[in-house]
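Residue-level listing of the chains:
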Amino acid sequence: MDAYLECLQNYIEEHLLEGPSPYLTEYHCMRSEAGRARAALEASLTEEQGALWEAFQITAHQVRSLEDDMIFEKAVALGKGMVLS
């Protein structure tokens, strides 16, 4: 990803939750629900299970981040294609 696209992506990510959006209320509700579910799960894990869960979470986050990067690049490429045609 070139420097411009990286800057654009960082700006979008930093300002994602600002301004009006029909998804914000649902997002905040789901995020709170997920946090409560995660806390309940983590409280029930043994120390070894907790370590495995944490390792999984780190890897899953890295995968999701790469997926977001790929989706962003595809969206920008499609947008450029629409503008140029």
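Preceding block: the structure.
Residues numbered from 1 in each chain as written. Predicted model: local features only at pLDDT ≥ 70, side-chain atom pairs only at ≥ 80, totals over all residues. Heavy atoms only, no water.

Draft legend 1. View of the overall build of the protein chain. When helices and strands are counted, the protein chain shows three helices and zero strands. Reading the helices (α) and strands (β) of the protein chain from amino to carboxyl end gives α-α-α. Seen through its C-alpha atoms, the protein chain measures out along the principal axes to roughly 55 × 30 × 20 Å. For the protein chain, the residues scored as buried account for 6% of the 85 residues in total. As displayed, the protein chain offers around 7,300 Å² of accessible surface, 63% of which is attributable to carbon and sulfur atoms. Within the protein chain, one finds 6 positive and 15 negative side-chain charges whose respective centroids are separated by 5 Å. (Helix = DSSP H or I, 4+ residues; strand = E, 2+ residues; numbered from the N terminus. Buried < 20%, exposed > 50% of the residue type's maximum accessible area, 1.4 Å probe, protein only. Areas by Shrake-Rupley, 256 points an atom, 1.4 Å probe, with all protein chains shown as cover. Lys, Arg positive; Asp, Glu negative; His and termini not counted. Charge placed at Lys NZ, Arg CZ, Asp CG, Glu CD.)

Draft legend 2. Spatial organisation of the layout of surface pockets. Roughly 830 Å³ of volume is contained in the largest pocket. Lining of the largest pocket is provided by 21 residues; of these, Y27, R31, H61, R64 and D68 occupy positions nearest its centre. At the level of secondary structure, the elements contributing two or more residues to the lining of the largest pocket comprise α1 (3-14), α2 (24-44) and α3 (47-84). The element contributing the most residues to the lining of the largest pocket is α3, with nine residues. Of the residues assigned to the lining of the largest pocket, the class counts are ten nonpolar, five polar and six charged. (1 Å grid on protein atoms, 1.4 Å probe; cavity = no way out; pocket = protein on both sides within 12 Å on 5 of 7 lines; lining within 4 Å. Points joined across faces, edges and corners; volume = space filled by probe spheres on them. Nonpolar A, V, L, I, M, F, W, Y, C, P; charged D, E, K, R; others polar.)

Draft legend 3. Quick peek at the packing of α2 against α3. Here α2 crosses α3 at 140 degrees, and the two axes come no closer than 9 Å. For the pair α2 and α3, contact is made by R38, L41, E42 and S44 and by Q49, W53, E54 and Q57, respectively. Class assignment of the residues belonging to the contact of α2 with α3 gives a composition of two nonpolar, three polar and three charged. (Axes fitted to C-alpha atoms, helices over the stretch in contact; angles between N-to-C directions. Contact = heavy atoms within 4.5 Å.)

Draft legend 4. Region of interest: the packing of α1 against α3. Their axes nearest at 11 Å, the elements α1 and α3 cross at an angle of 115 degrees. By the angle between their directions, the pair α1 and α3 is classed as roughly perpendicular. Between α1 and α3 the crossing geometry is right-handed. Across the interface between the two elements, L5, L8, Q9 and I12 from α1 touch D68, D69, F72 and V76 from α3. Looking at side-chain class alone, the contact of α1 with α3 contains five nonpolar, one polar and two charged residues. (Parallel < 35°, antiparallel > 145°, perpendicular 65-115°, else oblique. Left-handed = near helix turned anticlockwise from the far one by under 90°.)

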